[in-house]
Amino acid sequence: MHPMLTIAVKAARRAGNIINRASLDIDKLTITSKNHNDFVSEVDRAAEDAIIDILLEAYPDHEILAEESGVRGESEYQWIIDPLDGTTNFLHNFPQYAVSIALLHKGVLNQAVIYDPANNDLFTATKGRGAYLNDRRLRVTKETHLKNALIGTGFPYTNFTHIDAYMGMFRDLIQKTAGLRRPGSAALDLAYTAAGRFDGFFEIGLKPWDIAAGCLLVQEAGGLVGDFQGNENYLKSGNIIAGNPKIFGQLLQAIAPHLSEELKAQ
Ligand code: IPD
Ligand code: CA
Ligand code: CA
């Protein structure tokens, strides 16, 4: 395993332990609301602090971009951290959430870890060296028809700016696919796409920490990732389509008619 990935895995497992312990007694947690329907608990912060400590202990000069604490330092190496992706699920004892850690080097995704602590599933990828679930090599599915495809998504629940565009995509895709699923963790949705559990995935307006690690997993499993124009601006726009190469193209086509002028410009 690449030494930087080893450190990221150590950090993700440490955070996972904090999350698992807290999951035994959710009622005791202090929870605050960041926005409508957007909660953060002391677990998110404790997990994030643990991850940052481990990364900076190994690489004191590296830059950090973390959901709860923002940017720290400046370097060509930037770690992007979501300490708990799927907080709403976690707070409801719905076991679908993960720790997500990615490393960008000079703006290019280089290492990725997504750790599902409820199932002890570790998804990892290193650029050019493939994607893994525990020690099993991952490949995206070979499905060629959207009508047979199982598609993951996330729908708006805090910010409703693009609700009309989203509902158009939703109405169309529930008719054009074998099924749409909204498990509630974008990081795991992408990991599942890499693992061939989903044929594809799309969502509007995600943050870099939701998707950075998952994007590298999908690419290293032989899939494609793009924004709604099929270009590479997904980490910035947060608008994302991912899938095996055939389903990626068909999702891109199916989504295009529903884009508002604003979404087309992002
Ligand atoms: C959320 C999850 C969810 C997605 C949201 C994200 P959080 O992350 O990834 O699936 O639909 O847009 O914000 O807030 O639980 O870390
Ligand atoms: Ca998230
Ligand atoms: Ca989070």
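Residues numbered from 1 in each chain as written. Chains lettered and ligands numbered in written order. Predicted model: local features only at pLDDT ≥ 70, side-chain atom pairs only at ≥ 80, totals over all residues. Heavy atoms only, no water.

Section: the overall build of the protein chain
If you tally the helices and strands in the protein chain, you get nine helices and 15 strands. Each principal axis of the C-alpha distribution contributes one length, and for the protein chain these read about 45 × 40 × 35 Å. In the protein chain, which comprises 266 residues, the share counted as buried stands at 55%. When contacts within the protein chain are restricted to residue pairs at least 6 apart in sequence, long-range pairs at least 24 apart make up 63% of them. When the 25 positive and 32 negative side-chain charges of the protein chain are each reduced to one mean point, those points stand 7 Å apart. (Helix = DSSP H or I, 4+ residues; strand = E, 2+ residues; numbered from the N terminus. Buried < 20%, exposed > 50% of the residue type's maximum accessible area, 1.4 Å probe, protein only. Contact = heavy atoms within 4.5 Å. Lys, Arg positive; Asp, Glu negative; His and termini not counted. Charge placed at Lys NZ, Arg CZ, Asp CG, Glu CD.)

Let's talk about the site of ligand 1
The environment of ligand 1 is made up of 14 residues, and the closest members are Asp-85, Gly-86, Thr-87, Arg-182 and Glu-203. Between ligand 1 and the protein, one listed contact pairs an oxygen atom with a backbone N or O atom of Gly-184 at 3.1 Å. At 3.0 Å from an oxygen atom of ligand 1 is found a main-chain nitrogen or oxygen belonging to Ala-186. Relative to its unbound accessible surface of 380 Å², ligand 1 loses 88% to contact with the protein. Looking at which element gives the most residues to the shell around ligand 1, the answer is strand 5 (residues 77-85), with three residues. Domain assignment of the residues forming the shell around ligand 1 places at least three in each of domain 1 (3-137) and domain 2 (146-265). (Near = heavy atom within 4 Å. Polar contact = N/O pair within 3.5 Å; in protein donor to acceptor, adjacent residues only side chain to side chain. Areas by Shrake-Rupley, 256 points an atom, 1.4 Å probe, with all protein chains shown as cover. Domains from an automatic or database assignment.)

Topic: the coordination of the calcium ion (ligand 2)
Ideal values differ by geometry: the angle at a metal is 109.5 degrees with four tetrahedral donors, but 90 or 180 degrees with six octahedral donors. Donor atoms from the polypeptide that bind the calcium ion (ligand 2) are Asp-82 (OD), Asp-85 (OD) and Asp-210 (OD), placed at 2.0 to 2.2 Å. Positions of the donor residues of the calcium ion (ligand 2) along the chain correspond to the pattern D-x2-D-x124-D. The metal-metal distance between the calcium ion (ligand 2) and the calcium ion (ligand 3) is 3.7 Å, with Asp-82 serving as a donor to both. Separated by 128 residues along the polypeptide, Asp-82 in strand 5 and Asp-210 in helix 6 (residues 208-220) bring together distant segments of the chain. Of the residues examined, Asp-210 reaches a relative accessible area of 11% and is grouped as buried. (Donors = N, O, S within 2.8 Å, 3.2 Å for Na, K, Ca; no water.)

Notes on unusual backbone geometry
Phi at Lys-106 takes a positive value of approximately 50 degrees, unusual for a residue other than glycine. Examined against the element boundaries, Lys-106 turns out to sit in the loop between strand 6 (98-105) and strand 7 (108-116). Given the relative accessible area of 59%, Lys-106 is considered exposed. Residues other than glycine seldom take positive phi values, yet Asn-134 does so here, at roughly 55 degrees.

Brief notes about the domain arrangement of the protein chain
Each assigned domain of the protein chain is listed here: domain 1 (3-137) and domain 2 (146-265). A separation of 21 Å is found between the C-alpha centroids of domain 1 and domain 2. Opposite the 41 residues of domain 1 that make contact, domain 2 presents 26 residues. A combined buried area of about 2400 Å² lies between domain 1 and domain 2, and 66% of that area is made up of carbon and sulfur atoms. Counting the surface domain 1 buries against domain 2, the share from its top three residues, Gln-96, Leu-109 and Phe-123, is 24%. (Buried area = accessible area lost by both parts, 1.4 Å probe.)

Here we look at the packing of aromatic side chains
What the rule picks out here adds up to seven aromatic pairs. Their ring planes at 25 degrees and their centres at 6.3 Å tell us that Tyr-59 and Trp-79 sit as a pair that is stacked. Here Tyr-59, found in the loop between helix 2 (42-58) and strand 3 (63-66), pairs with Trp-79, found in strand 5; they are 20 residues apart in sequence, far enough to count as distant. Overall, the relative accessible area of 18% leaves Tyr-59 in the buried class. An aromatic cluster is present here, built from Phe-155, Tyr-166, Phe-170 and Phe-202 joined pairwise through their rings. (Phe/Tyr/Trp six-rings, centres within 6.5 Å; stacked < 30°, edge-to-face > 60°.)

Looking at the packing of helix 5 (residues 186-194) against helix 6
As a packed pair, helix 5 and helix 6 sit with axes 8 Å apart at the nearest point and diverge in direction by 0 degrees. By the criterion of interaxial angle, the relationship of helix 5 to helix 6 is roughly parallel. For the pair helix 5 and helix 6, contact is made by Ala-186, Ala-187, Leu-190, Ala-191, Thr-193 and Ala-194 and by Asp-210, Ile-211, Gly-214, Cys-215, Leu-217 and Val-218, respectively. Taken together, the residues of the contact of helix 5 with helix 6 sort by class into nine nonpolar, two polar and one charged. (Axes fitted to C-alpha atoms, helices over the stretch in contact; angles between N-to-C directions. Parallel < 35°, antiparallel > 145°, perpendicular 65-115°, else oblique. Nonpolar A, V, L, I, M, F, W, Y, C, P; charged D, E, K, R; others polar.)

Section: the environment of Thr-161
Structurally, Thr-161 is set in the loop between strand 11 (150-153) and helix 4 (163-176). Distance in space between the C-alpha atoms of Thr-161 and Trp-209 is 20 Å, their sequence separation being 48 residues. At 2.4 Å, the side chain of Thr-161 and the side chain of Asn-159 are in polar contact.

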